[in-house]
Amino acid sequence: MSYVSEVLEQINERHSKQPEYTQAVTEVLQDVSGLVSQNEKALRRQAILERLVEPDRLLRFRVNWERDDGSLATNLLWRVQFNNALGAYKGGLRFHPSVNTSILKFLGFEQTFKNALTGLPMGGAKGGSNFNPKEASLPEIRRFCQQAMLALHPFIGPDADVPAGDIGVGSQEIAFLYGQYLQIHKAHRGVLTGKQPSFGGSCGRTEATGYGVIFFLEEALAAREDTLEGKSLLISGAGNVALHTAEKALQEGARVLSLSDSQGLVVFKDGLTQDQLRSLKTARTEKRQSLAEWHSEASDSGCDYQEGNTPWHLEADIAIPCATQNEIDEDAAKHLVEGGIQWLIEGANMPLTSAAQEQIRDAGITYIPGKIANAGGVAVSGFERSQQAALLPWTLDTVTSRLKDLMKRIHRNVSEAAPDAKGPIDYRVGANRAAFDKVVNVMQAYGI
Ligand code: NDP
């Protein structure tokens, strides 16, 4: 049996109840099996695959916090420190009732590869809690964040582990977490990214993931002598990544036909307008409204709201899932193929099930995985660490132009690592190979 098959069998047996994690590991190991077989003896001797696919450690905390009515609530909080070969552990925190160790391990594993591809010195990690911010008032969110930091602070640090935001953790939650760190340590340190620029954050971080998606897409289109101008886009989600992907897409002349949230879909028949986007950003970030609430308040009628629906039955040129893992299943993929989609680029992490991905790739649709497409967020987090360490903030122009350069560099490196086949670039295999090479070379250099 090959080394890859052996390790996959082990992982699937040991973690049979962690489907997202085994899905992510299986995809990567399959893509690098050719590289592994070229050097199998040495990799086996150093147990590289076993060490690569299991996190270094998984920390779990119980967090008690006080509700507004004075009663006590408890939640679980985890931090998965996956791999720090290339630098301090780095990856976001997610607050959502669905959070569990399978989801955090898949995210931490993917983050290790994504961070390697940025070329910045960052290892991979992820964390989060089953705390539901949607059912909490702002003071309750603050008290939860403060208690969460009380648990987490001994295990993080600028050279050790640097968390950031993710689903349910935006700049307000990061501010509450950082404020508590400051209370405890009485020192400003780069222990979190995604901070506001007024206390050590980087300008452009909020927009970075979505803008990076579009920068990458433009590179990929340019490689085929095409542009985004006039293309129609299906975007899912209505959070940080979705709204900033939509914003940059509009600036580049594309038409955004949809946005969605966990309750339903908004279809913009003539394309999302700047005014609608502005009003949506206010509704989502300041008023914490759902799309249904926004739609019922919106005075113009340029869009339809469809409860319980997703965008994938609509016709367009490009699909950009920006909500959550496995949001596109086989059925949705079938609709996308039938609808004539040409490109699928992932704003979210692993938004396609394995079967959906197979269908999309088999249909000849160009598929760009999240670990390269959405790397702009963590890249600007890396920039934030540089700025905080040097006590020297960069201008928005500097951040944006460095982000653009970095997405270009990822595109070049991944294209070079992709299989030398005729036809479109296989971005998935290229990304997995390039990142594997980078992380494994360093693990081997450290020795056993
Ligand atoms: P947000 O919390 O800002 O937004 C998430 C959006 O997805 C919301 O519209 C939410 O709907 C929707 N959503 C969440 N869960 C589900 C679900 N189970 N079914 C349907 N819709 C759902 O998160 P982000 O925009 O930050 O993150 C989105 C994705 O991008 C995630 O996969 C994240 O890991 C990834 N990502 C984020 C980065 C960042 O910088 N923020 C960086 C790289 C990747 P509702 O409002 O109804 O809950």
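Residues numbered from 1 in each chain as written. Predicted model: local features only at pLDDT ≥ 70, side-chain atom pairs only at ≥ 80, totals over all residues. Heavy atoms only, no water.

Participant: Where do I start with the layout of surface pockets in this structure?
Facilitator: Unoccupied space between atoms shows up once a probe the size of one water molecule is rolled over them. Roughly 250 Å³ of internal volume is contained in the second largest pocket. If you trace the second largest pocket, you find 15 residues lining it, with Gly423, Pro424, Ile425, Asp426 and Tyr427 closest to the centre. Here the residues of the lining of the second largest pocket sort into 8 nonpolar, 4 polar and 3 charged. (1 Å grid on protein atoms, 1.4 Å probe; cavity = no way out; pocket = protein on both sides within 12 Å on 5 of 7 lines; lining within 4 Å. Points joined across faces, edges and corners; volume = space filled by probe spheres on them. Nonpolar A, V, L, I, M, F, W, Y, C, P; charged D, E, K, R; others polar.)

Participant: It is not clear to me how the sheet that holds strand β12 (residues 366-368) should be interpreted in this structure. Could you clarify?
Facilitator: Sheets are built from strands paired through backbone hydrogen bonds, the pairs being either parallel or antiparallel. Pairing within the open sheet is mixed, and its 7 strands lie in the order β9-β8-β7-β6-β10-β11-β12. Each having just a single partner strand, β9 (304-307) and β12 make up the two edges of the open sheet. Put simply, the sheet's adjacent strands are angled 15° from each other on average, direction ignored. When strand β10 (residues 318-320) meets strand β11 (residues 343-345), the two strands line up parallel, connected through 2 bridges. Counterpart to Ala319 in the pairing with β11 is Leu344. (Pairing = 2+ DSSP bridges. Helix = DSSP H or I, 4+ residues; strand = E, 2+ residues; numbered from the N terminus. Axes fitted to C-alpha atoms, helices over the stretch in contact; angles between N-to-C directions.)

Participant: Explain the domain arrangement of the protein chain to me, please; I cannot follow it from the model alone.
Facilitator: When the parts come together, some accessible area is lost, and that loss is often what is quoted as the size of the interface. Along its sequence, the protein chain is organised into domain 1 (55-188) and domain 2 (208-368). Each partner contributes to the interface: domain 1 provides 13 residues, whereas domain 2 provides 7 residues. Summed over both sides, the interface of domain 1 with domain 2 buries roughly 680 Å², with 42% coming from carbon and sulfur. Joining domain 1 to domain 2, the criterion identifies 0 salt bridges. (Domains from an automatic or database assignment. Contact = heavy atoms within 4.5 Å. Buried area = accessible area lost by both parts, 1.4 Å probe. Salt bridge = Lys/Arg side-chain N within 4 Å of Asp/Glu carboxyl O.)

Participant: Sorry if this is basic, but what is going on with the sheet that holds strand β5 (residues 161-164) here?
Facilitator: Pairing within the open sheet is mixed, and its 5 strands lie in the order β1-β2-β4-β3-β5. Because the sheet does not close on itself, it has two edges, and the strands there are β1 (57-66) and β5. In this sheet, adjacent strand axes meet at a mean angle of 20° when their direction is disregarded. Strand direction decides the pairing type here: β1 and strand β2 (residues 72-83), joined by 10 bridges, are antiparallel.

Participant: Teacher, can you tell me more about the pattern of salt bridges here?
Facilitator: Pairs may arise between side chains of opposite charge once their charged atoms sit close together. Counting across every chain of the model gives 20 salt bridges. Glu297 is paired through a salt bridge with Lys287; the nearest N and O atoms lie 3.7 Å apart. On the criterion of sequence distance, the pair formed by Glu297 in helix α12 (residues 291-297) and Lys287 in the loop between α11 (274-286) and α12 is long-range, its members being 10 residues apart. With relative accessibility at 53%, the residue Glu297 sits in the exposed group. Among the charged side chains, a salt-bridge network with shared partners connects Glu27, Asp31, Glu110, Lys371 and Arg428. (Buried < 20%, exposed > 50% of the residue type's maximum accessible area, 1.4 Å probe, protein only.)

Participant: Is there a simple way to think about empty space enclosed by the protein in this case?
Facilitator: A full pass over the atoms with the stated rule returns 1 cavity of 30 Å³ or more. Considered as a void within the structure, the largest cavity measures approximately 50 Å³ in volume. Lining the largest cavity, in full, are Glu27, Glu110, Glu346, Met350, Gln357, Tyr367, Pro369, Gly370 and Lys371. Counted by class, the lining of the largest cavity contains 3 nonpolar, 2 polar and 4 charged residues.

Participant: Explain the packing of helix α1 (residues 3-14) against helix α2 (residues 19-31) to me, please; I cannot follow it from the model alone.
Facilitator: Working note: a packed helix pair is described by the angle between its axes plus the distance between those axes. Across the interface, α1 lies against α2 with an axial gap of 10 Å and an inter-helix angle of 180°. The angle between α1 and α2 falls in the class roughly antiparallel. Residues Val4, Val7, Leu8, Ile11 and Asn12 of α1 lie in contact with α2, whose contacting residues are Tyr21, Thr22, Val25, Thr26 and Leu29. Residue composition of the contact of α1 with α2, by class: 7 nonpolar, 3 polar and no charged. (Parallel < 35°, antiparallel > 145°, perpendicular 65-115°, else oblique.)

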